[in-house]
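So the chains spell out like this:
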Amino acid sequence: VIVQGITGNVGSGFARRLAASGSTVVGGVTPGRGGRQVDGLPVFDSCHEAVAATGADTSFMCVPAPFAFDACHEAVDAGIKLVVLYIENIPFLDALRMTAYARARGTVVLGPNSAGCVTPGGVNLSELDPKFLLKGDIGVVAKSGAMCAESANYLREEGLGVTTIVSIGGDPVLGAYHRDILERFEADPETKGVVMVGEIGGRSEYDAAPFVKAMTKPVVAVIIGGSA
């Protein structure tokens, strides 16, 4: 994992948090800051340099919203296969273009405005604290980080653990929608059932419904909210 924007307060904080929770963080990217270190992690001027030096295939992105478009394109072009956009207020057209660019080139993008994803006992690319998660066989996909955490907590109270929790983000345009994650849970041999949490606004839940009907695994879904 590399952290784009690692020299900022949010980026450096997440680099420490992700590394402490078991993720293999190998460096970060901030243009113009190459050659420096953040908590012993090397900083590179570009994703191309970072990937060449470390073999990274995942990016946790914390750059300011106006720079997200260029940063995402650079990550995709460098060969990054999973990008977590932990960024709010990305302009609509920027989000539309960058997510389409990534999808066309086989890169999975979570977000914009995603809290990330986490596999208990494995990699943590999220703001969720692994110590509050119970490992099990239920997959969770939700828009917001709060709903991911609430769902995991409710499951834990019932003695049910999770395989992976995925926050797809709450913006109108996203890199991955509910159906994209459901397809992965359906193919995952460790996941035996799925909790899907939606919110009013957008078509992500509607578009997921036909696939849910065709799944071999049980799905429990809830749509939250009465007005927006």
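Let me sum up the structure you'll find in this document. (Residues numbered from 1 in each chain as written. Predicted model: local features only at pLDDT ≥ 70, side-chain atom pairs only at ≥ 80, totals over all residues. Heavy atoms only, no water.)

Examining the packing of aromatic side chains
Taken as a whole and assessed by the stated rule, the structure comprises 3 aromatic pairs. Measuring from ring centre to ring centre gives 4.7 Å for Phe-14 and Phe-60, while their planes differ by 35°; the resulting arrangement is tilted. Taken together, the residues Phe-14 in helix 1 (residues 9-20) and Phe-60 in strand 5 (residues 58-61) connect sequence positions 46 residues apart. A single burial state applies to Phe-14 and to Phe-60, both of which are buried. (Phe/Tyr/Trp six-rings, centres within 6.5 Å; stacked < 30°, edge-to-face > 60°. Helix = DSSP H or I, 4+ residues; strand = E, 2+ residues; numbered from the N terminus. Buried < 20%, exposed > 50% of the residue type's maximum accessible area, 1.4 Å probe, protein only.)

So, unusual backbone geometry
Cis peptide bonds are those with omega within 30 degrees of zero, and the linkage from Gly-111 to Pro-112 qualifies with 10°. Unusually for a residue other than glycine, Asp-39 sits at a positive phi of about 55°. Within the chain, Asn-113 stands out as a residue other than glycine whose phi angle is a positive 65°. One can find Asn-113 in the loop between strand 7 (108-110) and strand 8 (116-118).

Quick word on the sheet that holds strand 13 (residues 219-224)
Strands sit in the order 9-8-11-10-12-13 across an open sheet of 6 strands; the sheet is mixed. Edge positions in the sheet fall to strand 9 (124-126) and strand 13, since each has one partner strand and no second. Neighbour-to-neighbour, the strand axes of this sheet turn through a mean angle of 15°, independent of strand direction. In the packing of helix 5 (residues 145-157) onto the sheet, contacts are made with strand 10 (135-142), strand 11 (162-167), strand 12 (193-199) and strand 13, and the angle to strand 11 comes to roughly 160°. (Pairing = 2+ DSSP bridges. Axes fitted to C-alpha atoms, helices over the stretch in contact; angles between N-to-C directions. Contact = heavy atoms within 4.5 Å.)

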